[in-house]
Amino acid sequence: MLKVEKFIPLEFAANNYLVYDDELKCAVLIDCAGSDDEIFKFIETNNLNLEKILITHAHFDHVLGLKKFKEKFPSVKILLPREDKKLYDNLGVQCDMFGQRRAETVQIDELIDETSNIELCGKKIEIIATPGHSKGSCCYLVEGNLFSGDTLFYEEIGRCDLPTGSFKEIEHSIKEKLFKLNENIKVFAGHGDNTSIAHEKIHNAYFGTNARYF
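Below: a short report on this structure. Owing to the predicted nature of the structure, the values given are computational and were not obtained by experimental measurement.

Calculation notes
- Residues numbered from 1 in each chain as written.
- Predicted model: local features only at pLDDT ≥ 70, side-chain atom pairs only at ≥ 80, totals over all residues.
- Heavy atoms only, no water.
- Buried < 20%, exposed > 50% of the residue type's maximum accessible area, 1.4 Å probe, protein only.
- Helix = DSSP H or I, 4+ residues; strand = E, 2+ residues; numbered from the N terminus.
- Arc of directions from axis to C-beta.
- Contact = heavy atoms within 4.5 Å.
- Polar contact = N/O pair within 3.5 Å; in protein donor to acceptor, adjacent residues only side chain to side chain.
- Pairing = 2+ DSSP bridges.
- 1 Å grid on protein atoms, 1.4 Å probe; cavity = no way out; pocket = protein on both sides within 12 Å on 5 of 7 lines; lining within 4 Å.
- Points joined across faces, edges and corners; volume = space filled by probe spheres on them.
- Nonpolar A, V, L, I, M, F, W, Y, C, P; charged D, E, K, R; others polar.
- Disulfide = S-S within 2.5 Å.
- Salt bridge = Lys/Arg side-chain N within 4 Å of Asp/Glu carboxyl O.

When we look at burial in helix α5 (residues 167-177), the residues that qualify are Ile-170, Ser-173 and Ile-174. Each buried residue of α5 sits inside an arc of 85° when the element is viewed along its axis, so together they form one side. Lining the buried residues of α5 we find β8 (123-129), β11 (152-153) and β12 (156-157). Two or three places before Lys-168, at the start of α5, stands the capping residue Ser-166, its side-chain oxygen 3.4 Å from that residue's backbone nitrogen.

So this is what it looks like as structure tokens:
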């Protein structure tokens, strides 16, 4: 059975999730926002083999740690949503927009979409394309756990006013894709607290049955 460990860096508080099998010792990191030393220590203490880093979308606060991780684990493969390649190539512009230090880019090993095949310890990781927060935003589903990036938050949604964002697209992604998943699925968001599909279908401020804004 896979386990999930959550790491929250002080800078920007964009969640990192280490998904791993404690017996087989294989692991993937979902988003790479910081908390480098803390995650390194956890990986080493538990004798894990970090195989891949899966990026939910290419906004700078979710990829700040890539260079340090690639230096620490040279064989790790970095996977990025294909439709967010242009955003990734313009990380410097993104950082300048927010008046932040520039994130250093590294080579992306694979550009992925819904047709890509990803596994962890023989278990399929399903890629769900969920454009709206950015054109390439995606979620990763494995063993009843959904890693939603900045698409779906606890009773909220990701902002849609940044380059390549679209409220119409995020509405479709959430209502027609995520809300049609099994209600028991746990949701691990890119910022803030965990939630579930069942909870969001009722309480999400935008698209739940008890929505506050619509």
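Right, let's get into the sheet that holds β8. Across the sheet, which stays open at both edges, the 6 strands sit in the order β7-β8-β9-β10-β13-β14 with mixed pairing between neighbours. With partners counted over all chains shown, the strands left at the sheet margins are β7 (118-120) and β14 (195-196), one partner each.

Another aspect to go through is the layout of surface pockets. Empty space within the largest pocket amounts to approximately 250 Å³. Lining the largest pocket are 16 residues, with Asp-36, Leu-64, Gly-65, Lys-68 and Arg-101 positioned closest to its centre. Here the element with the most residues in the lining of the largest pocket is helix α2 (residues 66-72); it accounts for 3 residues. Per-class residue counts for the lining of the largest pocket are 5 nonpolar, 3 polar and 8 charged. Here the second largest pocket is characterised by a volume of approximately 180 Å³.

Another point: the state of the cysteines. Here a disulfide denotes a covalent bond joining the sulfur atom of one cysteine to the sulfur atom of another. Following the criterion strictly, the structure yields 1 disulfide and no others. Sulfur-sulfur distance for the disulfide between Cys-26 and Cys-121 comes to 1.4 Å. With the S-S bond torsion at 115°, the cross-link from Cys-26 to Cys-121 turns out right-handed. One end of the pair, Cys-26, is in strand β3 (residues 26-30); the other, Cys-121, is in the loop between β7 and β8, with 95 residues separating them in the sequence. Each member of the pair Cys-26 and Cys-121 is classed as buried. Its sulfur unpaired, Cys-160 is 13 Å from the next cysteine sulfur, which belongs to Cys-139. Here Cys-160 falls in the buried class, since its relative accessible area comes to 17%.

Looking now at the pattern of salt bridges. Using the criterion set out here, one finds 16 salt bridges in the structure. We note a salt bridge from Lys-72 to Glu-44, for which the minimum N-O separation is 2.8 Å. Of this pair, Lys-72 sits in helix α2 while Glu-44 sits in helix α1 (residues 36-45), placing them 28 residues apart in sequence. Look at Lys-72 and you get partly exposed, because its relative accessible area is 36%. Overlapping salt bridges, with partners in common, bring together Lys-3, Asp-22 and Lys-25 in one network.

A regular strand carries its side chains on alternate faces of the sheet. Among the 5 residues of strand β10 (residues 145-149), 5 are classified as buried, and the element is accordingly described as predominantly covered. Every second residue of β10 is oriented toward a common face, with Asn-145, Phe-147 and Gly-149 on one face and Leu-146 and Ser-148 on the other, all of them buried. When strand β9 (residues 138-142) meets β10, the two strands line up antiparallel, connected through 3 bridges. Considered in β10, the bridge of Tyr-140 is made with Phe-147. Turn length for the β9-β10 hairpin, with the two strands adjacent in sequence and antiparallel, is 2 residues, and the turn residue Glu-143 shows positive phi of about 50°.

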